[in-house]
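Chain residues, written in single-letter form:
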Amino acid sequence: MSDLFVLFNGYSKMSSDKEMLANCSCSLIIGQHNIIVDTMTAWDSDKIIKALQFHNILPNMINYVISTHGHSDHIGNNNLFLHAKHIVGFSISYKERYFLHAFDQGERYSINESVEVLPTPGHTLSDVTVLVKTNEGTVAVAGDLFENSEDIETPSIWKSAGSENPILQRKNRLAVAEIADWIVPGHGSKFKVTQEIIDSLRTQLVD
Ligand SMILES: [Zn+2]
């Protein structure tokens, strides 16, 4: 088991017709390894360092940095964590060493007994979701596979946030909902997966 703490809830909103305000959800996993998922924009380093301090964690105590995909609001502070292995989408590296893994064949990457990384392309073609076994069940830190909980009722929300492969994204949204008890979406608050959500995502497959 690991503990999962959402350090910051992501959001996104239009501030005018040509400008959007957005930042991602940033999560900390504490267990056999210390893991940070999605490191916000490059201007958020002080906030992140402070939030980690609250959990008595210094940046050099982080073992893995995971960016669910390579967009600027999900990778901004990866270089705070230089003792960590970095997983950015399908790419796993430490310094100049790159570790090959068949995410593109659908293979999960296991970090420890309670944390694994699942390929969930759609928003980008190399998005990943982090599955964490916690004492409240399995939590999926899903990045922009889910924009927020409202995007289940209103799919235009995730589609207009950008989807490089909507068909794959629909399939992976259902697949993640079927294995998770909770979802941390890329730009909203953590929500519980209900049977209604699963049914609704299944109906949308054939839309
Ligand atoms: Zn995002």
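Residues numbered from 1 in each chain as written. Predicted model: local features only at pLDDT ≥ 70, side-chain atom pairs only at ≥ 80, totals over all residues. Heavy atoms only, no water.

Before going further, it helps to examine the packing of aromatic side chains. Inspection of every chain in the model, using the stated rule, returns three aromatic pairs. Between phenylalanine 90 and phenylalanine 103 the ring centres are 5.4 Å apart and the planes differ by 25°, which places this aromatic pair in the stacked class. Here phenylalanine 103 lies in the loop between strand E9 (97–99) and strand E10 (109–112) and phenylalanine 90 lies in the loop between strand E7 (85–88) and strand E8 (91–94), a separation of 13 residues in the sequence. Assessed through its relative accessible area of 21%, phenylalanine 90 is described here as partly exposed. Ring geometry for phenylalanine 103 and tyrosine 109: centres 6.3 Å apart, planes at 50°, overall tilted. Taking the relative accessible area as the measure of exposure, phenylalanine 103 reaches 2% and is therefore buried. Taken together through their ring pairs, the aromatic side chains of Phe90, Phe103 and Tyr109 make up a single cluster. (Phe/Tyr/Trp six-rings, centres within 6.5 Å; stacked < 30°, edge-to-face > 60°. Helix = DSSP H or I, 4+ residues; strand = E, 2+ residues; numbered from the N terminus. Buried < 20%, exposed > 50% of the residue type's maximum accessible area, 1.4 Å probe, protein only.)

What follows deals with helix H1 (residues 45–54). Looking at H1, one finds that the buried residues are Ile48, Ala51 and Leu52. Seen from one end, H1 has its buried residues packed into an arc of 100°, which puts them on one side. Set apart from the buried face of H1 by more than 90 degrees, the exposed residues are Asp46, Lys50 and Phe54. The inward-facing, buried residues of H1 contact strand E1 (3–8), strand E4 (26–30) and strand E5 (34–37). Immediately beyond the C-terminal end of H1, within one or two residues, lies asparagine 56, with a positive phi of roughly 60°. (Arc of directions from axis to C-beta. Contact = heavy atoms within 4.5 Å.)

Moving on, we come to the sheet that holds strand E11 (residues 115–119). With respect to topology, six strands assemble into an open sheet ordered E10-E11-E12-E13-E14-E15, the strand pairing being mixed. This sheet does not close on itself; its edge strands, each paired only once, are E10 and strand E15 (191–192). Note that strand E12 (residues 128–134) and strand E13 (residues 137–143) share five bridges and pair antiparallel. In the sheet register, valine 130 faces E13, and the bridge partner there is valine 141. Against the sheet, helix H4 (residues 166–179) contacts E11, E12, E13 and strand E14 (182–185), and its axis sits at roughly 160° relative to E11. (Pairing = 2+ DSSP bridges. Axes fitted to C-alpha atoms, helices over the stretch in contact; angles between N-to-C directions.)

Turning next to the UniProt feature "domain: Metallo-beta-lactamase" (unreviewed entry) in the protein. Look at the UniProt record and you will see "domain: Metallo-beta-lactamase" (unreviewed entry) annotated at residues 23–187. Taken end to end, residues 23–187 is 20% helix and 32% strand, and its two terminal C-alpha atoms sit 7 Å from one another. (UniProt positions renumbered as here; feature names shortened; annotations may be inferred.)

Over its 14 residues, H4 extends 20 Å from the first C-alpha to the last, a length consistent with the 20 Å expected when each residue adds 1.5 Å. All buried positions along H4 are accounted for by Gln169, Arg170, Asn172, Arg173, Leu174, Val176 and Ala177. For H4, the elements touching its buried residues are E11, E12, E13, helix H3 (156–160), E14 and helix H5 (195–205). (Expected span 1.5 Å × (residues − 1).)

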